[in-house]
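# Observations on the three-dimensional arrangement
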Amino acid sequence: MLYSLSVFVCLNALFFYKLYGDYKYFVKSDTVVFNLLHRITGSSIGLICFIIPIYWTDMTNIAEYWDRWTIFQDKFESCMRKPFQLNITKRVWFVTILPTALMTLNIVASLLFVKGWKVNNSIFFIGIFGIINLTTGYFYINCHIFRNVSKDINQRIMELIVTKGSATRFREHTELWCYMSHLITDFGIVHGGIYSSTAIVMYISSTVLWFNFAMTLISPENYLVTVIIVPLAFTNSILMVYSEAAYIALSEVGKKLHWQILNSTMCGLVEQTQRE
């Protein structure tokens, strides 16, 4: 908690120092519109530092949630009769390292092209983008895990339906499926404060960035639009990842299994009708 509090204090100190610099730049008579818009855009993304206390409110429930996940792993290994393997190492590296590297390059570009951009701003935004990347990567990886585990359970349930397995085994797998379904739902509830607040900030930042992009594109210095493309793609990608990853996880545990059961039942009905 002390570590998180120190990060919160440092980020807010850097953010208010940036706002003070933006104010001094705004009152100058020779203000360049592009630089001003870029500063406003950075301030909108920097709002992330204000929602860190919301993260704290979810921490207790998150710890309890992962205790339940440990119980689920034991149930999974007992029911599926195989070890619980995730195989997500490469994916974790991809979703955490690549976005951080791209945003770091963009910060360096801002340091070169944006007038008045200081090193303390770079430190601030590296911290902000690090928080966003880690929380988003955490969400995406967990949704990927939910999809893979749900897919394994669905396949085993379908095998039991097709091969007419024992009622006991079928009940065990359906109970495991129900437990998994509750875990997915509770994941959204437990982390609701974190991801809803982050999504709101990303939506605000995306709106400001689109405006900045359009204004820069029609300005004489339209070559500077390259500085805006990466953060614009970043904020929109964050929103897309939230919606797409959640849909994948929920559809695998719900709609896809329902369709598989329905199709298997209909296929059996057609074969019986043909024999008659």
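Every value quoted in this text rests on a predicted model; they were computed, and no experiment measured them.

### Digging into the packing of aromatic side chains
- For the coordinates displayed, the defined rule picks out 26 aromatic pairs.
- For the ring pair Phe146 and Phe187, a centre distance of 5.3 Å and an interplane angle of 80° mean the geometry is edge-to-face. With Phe146 in helix α5 (residues 119–163) and Phe187 in helix α6 (residues 167–190), this residue pair connects regions lying 41 residues apart in the sequence. The pair Phe146 / Phe187 is uniform in exposure class, with both members buried.

### Section: the nonpolar core
- Ranked by size, the top nonpolar core spans 56 residues in total, and within it Phe72, Ile132 and Ile153 carry the most contacts.
- Contributing elements (two or more residues each) for this core: α1 (2–26), α3 (52–80), α4 (89–113), α5, α6, α7 (192–217) and α8 (226–253).
- Of all the elements, α5 adds the most residues to this core, at 14 residues.
- If near-sequence neighbours (up to four positions away) are discounted, Ile132 is found in contact with Ile45, Ile48, Met202, Phe234 and Ile238.

### Some points on the environment of Ser78
- Mapped onto the elements of the fold, Ser78 is located in helix α3.
- What makes Ser78 exposed here is its relative accessible area of 55%.
- Separated by 94 residues in sequence, Ser78 and Glu172 have C-alpha atoms that sit 9.6 Å apart.

### Remarks on the confidence of the model for the chain
- Averaged over every residue, the pLDDT of the chain is 78; the share at 70 or more is 85%.
- Within the chain, helix α9 (residues 255–275) has the poorest average pLDDT of any element, 49, and α7 the best, 86.
- Scored below 50 in pLDDT, residues 264–276 shows two contacts in the model against residues more than four places distant or in partner chains.

### Quick look at the packing of α5 against α6
- Two elements in contact, α5 and α6, have axes separated by 10 Å at closest approach and are oriented at 160°. Here α5 lies roughly antiparallel to α6, going by the angle between them. Helix-helix and strand crossings are classified by hand; for α5 and α6 the assignment is left-handed. Contacts between α5 and α6 involve Tyr138, Phe139, Asn142, Phe146, Val149, Ser150, Ile153, Asn154, Arg156, Ile157, Leu160 and Ile161 from the former and Arg169, Phe170, His173, Thr174, Leu176, Trp177, Met180, Ile184 and Phe187 from the latter.
- Residues belonging to the contact of α5 with α6 are distributed by class as follows: 14 nonpolar, five polar and two charged.

Calculation notes
- Residues numbered from 1 in each chain as written.
- Predicted model: local features only at pLDDT ≥ 70, side-chain atom pairs only at ≥ 80, totals over all residues.
- Heavy atoms only, no water.
- Phe/Tyr/Trp six-rings, centres within 6.5 Å; stacked < 30°, edge-to-face > 60°.
- Helix = DSSP H or I, 4+ residues; strand = E, 2+ residues; numbered from the N terminus.
- Buried < 20%, exposed > 50% of the residue type's maximum accessible area, 1.4 Å probe, protein only.
- Core = buried A, V, L, I, M, F, W, Y, C linked by side-chain atoms within 4.5 Å.
- Contact = heavy atoms within 4.5 Å.
- pLDDT = per-residue confidence, 0-100.
- Axes fitted to C-alpha atoms, helices over the stretch in contact; angles between N-to-C directions.
- Parallel < 35°, antiparallel > 145°, perpendicular 65-115°, else oblique.
- Left-handed = near helix turned anticlockwise from the far one by under 90°.
- Nonpolar A, V, L, I, M, F, W, Y, C, P; charged D, E, K, R; others polar.

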